[in-house]
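# Analysis of the macromolecular model
If you want the building blocks of each chain, they are given just below.
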There are 4 protein chains.
Amino acid sequence: GGFVFALEKRGYVKAGPWTPEAAAEHPEAVRQLHREFLRAGANVMQTFTFYASDDKLENRGNKLTFTGAQINEAACDLAREVANEGDALVAGGVCQTPSYLSCKSETEVKAIFKKQLDVFIKKNVDFLIAEYFEHVEEAVWAVEVLKETGKPVAASLCIGPQGDMHGVSPGDCAVRLVKAGAQIVGVNCHFDPLTCVEAVKMMKAAVEKAGLKAHYMVQPLAYHTPDCNCQGFIDLPEFPFGLEPRILTRWDMHKYAREAYNAGIRFIGGCCGFEPYHIRAVAEELAPEKGFLPTGSEKHGNWGAGLEMHTKPWVRARARRDYWENLKPASGRPLCPSMSSPDGWGVTKGDADLMQQKEATSQDQLKQLFNRSKC
Amino acid sequence: GGFVFALEKRGYVKAGPWTPEAAAEHPEAVRQLHREFLRAGANVMQTFTFYASDDKLENRGNKLTFTGAQINEAACDLAREVANEGDALVAGGVCQTPSYLSCKSETEVKAIFKKQLDVFIKKNVDFLIAEYFEHVEEAVWAVEVLKETGKPVAASLCIGPQGDMHGVSPGDCAVRLVKAGAQIVGVNCHFDPLTCVEAVKMMKAAVEKAGLKAHYMVQPLAYHTPDCNCQGFIDLPEFPFGLEPRILTRWDMHKYAREAYNAGIRFIGGCCGFEPYHIRAVAEELAPEKGFLPTGSEKHGNWGAGLEMHTKPWVRARARRDYWENLKPASGRPLCPSMSSPDGWGVTKGDADLMQQKEATSQDQLKQLFNRSKC
Amino acid sequence: GGFVFALEKRGYVKAGPWTPEAAAEHPEAVRQLHREFLRAGANVMQTFTFYASDDKLENRGNKLTFTGAQINEAACDLAREVANEGDALVAGGVCQTPSYLSCKSETEVKAIFKKQLDVFIKKNVDFLIAEYFEHVEEAVWAVEVLKETGKPVAASLCIGPQGDMHGVSPGDCAVRLVKAGAQIVGVNCHFDPLTCVEAVKMMKAAVEKAGLKAHYMVQPLAYHTPDCNCQGFIDLPEFPFGLEPRILTRWDMHKYAREAYNAGIRFIGGCCGFEPYHIRAVAEELAPEKGFLPTGSEKHGNWGAGLEMHTKPWVRARARRDYWENLKPASGRPLCPSMSSPDGWGVTKGDADLMQQKEATSQDQLKQLFNRSKC
Amino acid sequence: GGFVFALEKRGYVKAGPWTPEAAAEHPEAVRQLHREFLRAGANVMQTFTFYASDDKLENRGNKLTFTGAQINEAACDLAREVANEGDALVAGGVCQTPSYLSCKSETEVKAIFKKQLDVFIKKNVDFLIAEYFEHVEEAVWAVEVLKETGKPVAASLCIGPQGDMHGVSPGDCAVRLVKAGAQIVGVNCHFDPLTCVEAVKMMKAAVEKAGLKAHYMVQPLAYHTPDCNCQGFIDLPEFPFGLEPRILTRWDMHKYAREAYNAGIRFIGGCCGFEPYHIRAVAEELAPEKGFLPTGSEKHGNWGAGLEMHTKPWVRARARRDYWENLKPASGRPLCPSMSSPDGWGVTKGDADLMQQKEATSQDQLKQLFNRSKC
């Protein structure tokens, strides 16, 4: 599920820095979201530690009421508490760092991962995920660090079929990650479900061709992104405050879950935009394979069956699979287009534009950015 | 805010019956949602008692672990608990009944309102709302019952500029409600914000023309509905499981809040589809008038200002009002249309099609409905 | 059919002034277009005399190789020549004048109509049409002038269901035109077919309610205009050089023809955007009523039947009515919206903005216009 | 320009067989269209001999009032007559044959080209074009036949960046055609302008990489086709009777002409969907390079300048380049999508589905096709 975006909508995460201090600040909100995903059928509670590395927390003027360690510990406790209410596993996650983008050394970047890891080991998470990496090089560093703990390691890049920001193909990325020690490889975030499944298929084909073995994971966006270039939804003009028209329906999720399963992927989840009902749809589609429905399905009829109890007869007539499966939902926005032109600048790690600073962007810097974005 | 839809997505309400047993069953989920709306700037906690009349709860085969009284009481306690965490008021709400639709007598229908009301009085809510009525006649009955308590009464119809299901214009509806004793009149649900504001403007003009006095309220959908006929979003083919592309952005909410305020409406809220961040946008737009920002704005930069801290410079360039105000967000759905043809049957109270039954719709009945909907 | 727009695309009419000097300058092109409409099933050849009044021809710097009389005479000869190749009638048309817009007197405006009329009488056209009037007052003046000839007179306004530019309803307009002596009344141009049919229905209802008798005509655009306000397609940002995505298909024309016929309209034609194949579609839809197909149908299979001879089998599978009748054609323009915001200034005759001048607009005037249009 | 589609709309060509008997049957209509393209700035009059091979004319039950030779001769005469009115060249064209699709031998297919060629030689056309080939193999055969005449030979495939129907890339196709003797190579039909330019760029790169020399040509559709697969617009559900919303504006043509010129293409024209005003837009964009405007520009202001003489001031405000260059024209079709799913069957030459027959498709065959297309 997509904690960062879901908690932003609920009022506990700030868009822009996207840091997870809510784990310590508002534990009841984070706990409740964990519970909803558990009810929806999630088998893994991922610690809410996205962007919780110290260098990110300090970055760009975010106020620091809590230390990174406090946030990471609180997140582990919440994940474990709710996981124990069902029979879910707890996964501790690290992700890409501003340090890498600012061209810090391998040693410096690895030290950052190590610091987060210490908390995960202390709190005894069940396995580890290196996720949301745009550059396979940094992901390999992360896997190498995580691997030393002896815990199972999953590695997930935020890339699509076009490969990472340095142009490394999904297949080559996957091979490098498996060789570095990842037991599970895949992609997360940045692209819509079918695009992500496509990228993981390419990974699987390359890993198998290289004679290696791995499991596969996918955690896409809950947004339709047919118009993205290699950098994904960050570059869409709608990111992050105008993505609503792109949100997937539960029926889109059924297609995604089936497609992912058919591709041989067995860790099937979601990232930004996923709400509990999206995960429930995935769990419902795969209920035949899992052998049971999620708890949350007590409040959901199969393929709209709950509508059999609606007041209006023409709404009751929608209580059937083929209706929802074939619906092409309208946007209600006749003045808006159906696709956008992404506006990325084609820069990547190593470019001066991407050096990160701790201070908030100044008005002068902003003015320069506006002018460049108009060109 | 829209409790029913929000809790459906979170896994605690079943679409179709839409009943609020979660107040008793899963109080932590309901409490959390109340808190999020409070943080977002809501000044009124509405008891989660929509469709909590006994006749509705019994209707159409819903299992009955809790009595209507238990649900209504739990909902009042939750609303009061969270209201006291800030300085919000508690409003107890009643809404239209299956009994009216099934042509029961005025006495029978009023008895149902009375039963819910007993709980509200016992729990001492601050004021009362008769909301979500498609027929002004039933709304007047509700107001007459609520009025007897001596509490302030608000009355809100789920109608648009075309008027109620019997063709009574918004203006005439409003005059009848004010004469019946409502101090606040307006509309809620069924249409998008600007359409609802339009309907309330018509109400206000008629009330003033009649030499009466009232306050005005509006609680629209958070969905764009330019293609609706008089019955509203119920008739859209996307209702209720494919409405995602229609969800309003926070910037749409700014426009709505300003428009509503300018129209002289002072009770400005939301209904189905509203998430906490939508209410926060309303509160932020009206912060100059209220004199302060909502608590939740600590996690939200004004007009996207939080993006000043984003990693990518071209995203930082979006940290400005004119960018978001002028954005025409794409749907990411090039195979989908921008509007739909609503499929209502043009029937209303009094038509045999609308007689309500307690049992679930049978397979035979469903087959008949499918065939009719194909014509 | 729509001579002005069709000949603009063929290179013989200049968009902006829209004057018909081609009748004298390039008779072969005008003759050919007449022939195509005749083949397509047209029963009336309308003289190509739109905007051929002297005041319009002189207006705004158009070079004047031919006199108004020469153009009007040439147009009459061409219409008659082709009409005689089949068994069509010839109609001579006058339309609204810059003089009226510039607030000239009734006498002055009527003198302009009279001058064109002299040619029509000399050339002995079969009947007369006063068409494309935005203000019923000017149309009444035209009918009064035409009426004096003793020829049958038709009167057609370029208005929609919202009425004329002074707010007179279609019904009232029609009654005034019939009382002034028009035997046929209706609307042309400015709106799409179904909108125009709607307006004529309102006319018919009012004429009948007034106890009068008339025949009805409709000559809509071949462009979809769901987003127009009262002034019609002139105000769409796409007018006149970006209307392509709005062009009706032949199948849209079948629906229009049937709808118009069912509404009791018996003079069913087209205006701007109509190409010969659009008129053929109208004639094919109404072939059962007329008793025969147009000549041009020798090159057209009924409802796509010609595709039975296509090379590819999956294209042959499209040779059937239900395929084309239900097709929702895509725009191939995912970056474009489906509707626009019209940008009219809400001014009408009597406003200084609409005073007409003979000279071309100066650069200074243009700069002022650009600035106003940005507001 | 696109004779077949333009004359279909004018009533002289039948969609499905698409054969050019109008050259003999209705010479005035063909002559007029030639003249319009000449006025629009065309430098080459292509003989209207598309699909004029005897095997195609006999194919699928088309009635045969004229022999292939008669049609080809008439077409040559018309092209020459109008070319001489300006200073245009005449090009004789052959295109793909049903015989090839039905797996006839190289000798048989070449004999068909030879027969058409005899007429072109007799009529002394200026150069020859082998155009609209889906399979490079057949195109090479055509070039080999044409080459023997000693006339300059151009070769144009109806393919896109994905290559021919047997999967040969555009680059490889071009190299084979140049080696077979074509002096000019390129693509025509099947895809929109920018897609075609992309394909020709690939051709140019490959020809240059192979150390060969050639000139380049491009004759795209005047329809937007972002949703096409390798077979082009034939597979779009809108083909051929619902393509209207996809028609390019004149401003789209400006972009195309500039893009093609910048890519080093010097034979820049159009295919299906092109009307005279589209060609004029190409000629106007390239007027600085050519040194003069086309004759037809006497009826066209540069970038909308004609609107300076429009009646309404807000329309006069549109008389400027940046207005039209940035316009995103709306479709006026809110119930339609912006893209379609093409429905090709993935079959190509050699597949039984593509064997051609002379008789019209029988009702039984059609029924089978309908059923297959539903799957």
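What you see is a predicted model; the values in this text were computed from it and never measured.

## Side note on the nonpolar core
Grouped together as the largest cluster of nonpolar side chains are 245 residues, with contacts concentrated most on Phe48(A), Leu177(A), Phe233(A), Phe48(B), Leu177(B) and Phe233(B). Setting aside residues up to four positions removed in sequence, Phe48(A) forms contacts with Phe3(A), Val4(A), Leu7(A), Val13(A), Pro20(A), Ala22(A), Ala23(A), Val30(A) and Ala75(A). Within the second largest apolar cluster, 242 residues are counted, among which are Leu38(C), Val109(C), Ala42(D) and Ala319(D).

## A short note on the interface of chain C and chain D
On the side of chain D, 101 residues touch chain C, which itself brings 101 residues to the contact. Summing both sides of the interface, chain C and chain D together bury roughly 9,200 Å²; the carbon and sulfur share of this comes to 56%. Along the contact surface separating chain C from chain D lie 14 salt bridges. Elements with a contribution of two residues or more to the side of chain C that touches chain D: helix 1 (3–10), helix 3 (27–40), helix 11 (250–262), helix 12 (276–285), helix 14 (313–316), helix 15 (321–326) and helix 16 (363–374) of chain C. With six residues, helix 3 of chain C is the largest single contributor of residues to the side of chain C that touches chain D.

## Observations concerning the relation of the copies chain A and chain B
Once chain A is rotated about the relating axis by 180 degrees and shifted along it by 0.0 Å, it coincides with chain B to within an RMSD of 0.0 Å. Such values leave the two copies arranged in the relation of a two-fold axis. For chain A, the residue whose C-alpha comes nearest the rotation axis is Pro245(A), separated from it by 1.9 Å. Looking at the interface residues of chain A, 100% of them are also at the interface in chain B, so both copies use one shared face.

## Notes on helix 8 (residues 136–147) of chain D
Residue and element names in this part refer to chain D. Taking 1.5 Å per residue as the helical rise, helix 8 with its 12 residues ought to reach 16 Å, and the 16 Å between its terminal C-alpha atoms agrees with that figure. Taken across its 12 residues, helix 8 has nine buried, putting it largely inside the fold. Among the residues of helix 8, Val136, Glu138, Ala139, Val140, Trp141, Ala142, Val143, Val145 and Leu146 are the ones counted as buried. At its buried positions, helix 8 is contacted by strand 2 (89–95), helix 6 (98–101), helix 7 (106–122), strand 3 (127–133), strand 4 (153–157) and helix 9 (170–180).

## Some details on empty space enclosed by the protein
One water molecule sets the probe size; rolling that probe over the atoms shows where empty space is left. Residues and elements named next belong to chain D. A full pass over the atoms with the stated rule returns 17 cavities of 30 Å³ or more. As for the largest cavity, its lining consists of 33 residues, of which Val4, Phe50, Glu131, Cys271 and Cys272 are closest to the centre. If you list the elements that add at least two residues to the lining of the largest cavity, you get helix 1 (3–10), strand 2 and strand 3. A breakdown of the residues in the lining of the largest cavity according to their chemical character gives 16 nonpolar, 13 polar and four charged.

## Some thoughts on the pattern of salt bridges
What the rule picks out here adds up to 96 salt bridges over all chains. For Lys122(A), the salt bridge identified is with Glu73(A), shortest N-O distance 2.6 Å. Of the two residues, Lys122(A) sits in helix 7 (residues 106–122) while Glu73(A) sits in helix 5 (residues 68–85), which places them 49 residues apart along the sequence. Take Lys122(A): its relative accessible area is 57%, and that puts it in the exposed class. The partner of Glu85(C) in a salt bridge is Arg35(C), and the shortest N-O contact between them spans 3.0 Å. Here Glu85(C) is found in the loop between helix 5 (68–83) and strand 2 (89–95), whereas its partner Arg35(C) is found in helix 3, with 50 residues between them in sequence. Members of the salt-bridge network, linked through shared partners, are Glu8(A), Arg250(B) and Arg280(B).

Scoring rules and cut-offs
Residues numbered from 1 in each chain as written. Chains lettered and ligands numbered in written order. Predicted model: local features only at pLDDT ≥ 70, side-chain atom pairs only at ≥ 80, totals over all residues. Heavy atoms only, no water. Core = buried A, V, L, I, M, F, W, Y, C linked by side-chain atoms within 4.5 Å. Buried < 20%, exposed > 50% of the residue type's maximum accessible area, 1.4 Å probe, protein only. Contact = heavy atoms within 4.5 Å. Buried area = accessible area lost by both parts, 1.4 Å probe. Salt bridge = Lys/Arg side-chain N within 4 Å of Asp/Glu carboxyl O. Helix = DSSP H or I, 4+ residues; strand = E, 2+ residues; numbered from the N terminus. Least-squares fit on C-alpha atoms with pLDDT ≥ 70 in both. Expected span 1.5 Å × (residues − 1). 1 Å grid on protein atoms, 1.4 Å probe; cavity = no way out; pocket = protein on both sides within 12 Å on 5 of 7 lines; lining within 4 Å. Points joined across faces, edges and corners; volume = space filled by probe spheres on them. Nonpolar A, V, L, I, M, F, W, Y, C, P; charged D, E, K, R; others polar.

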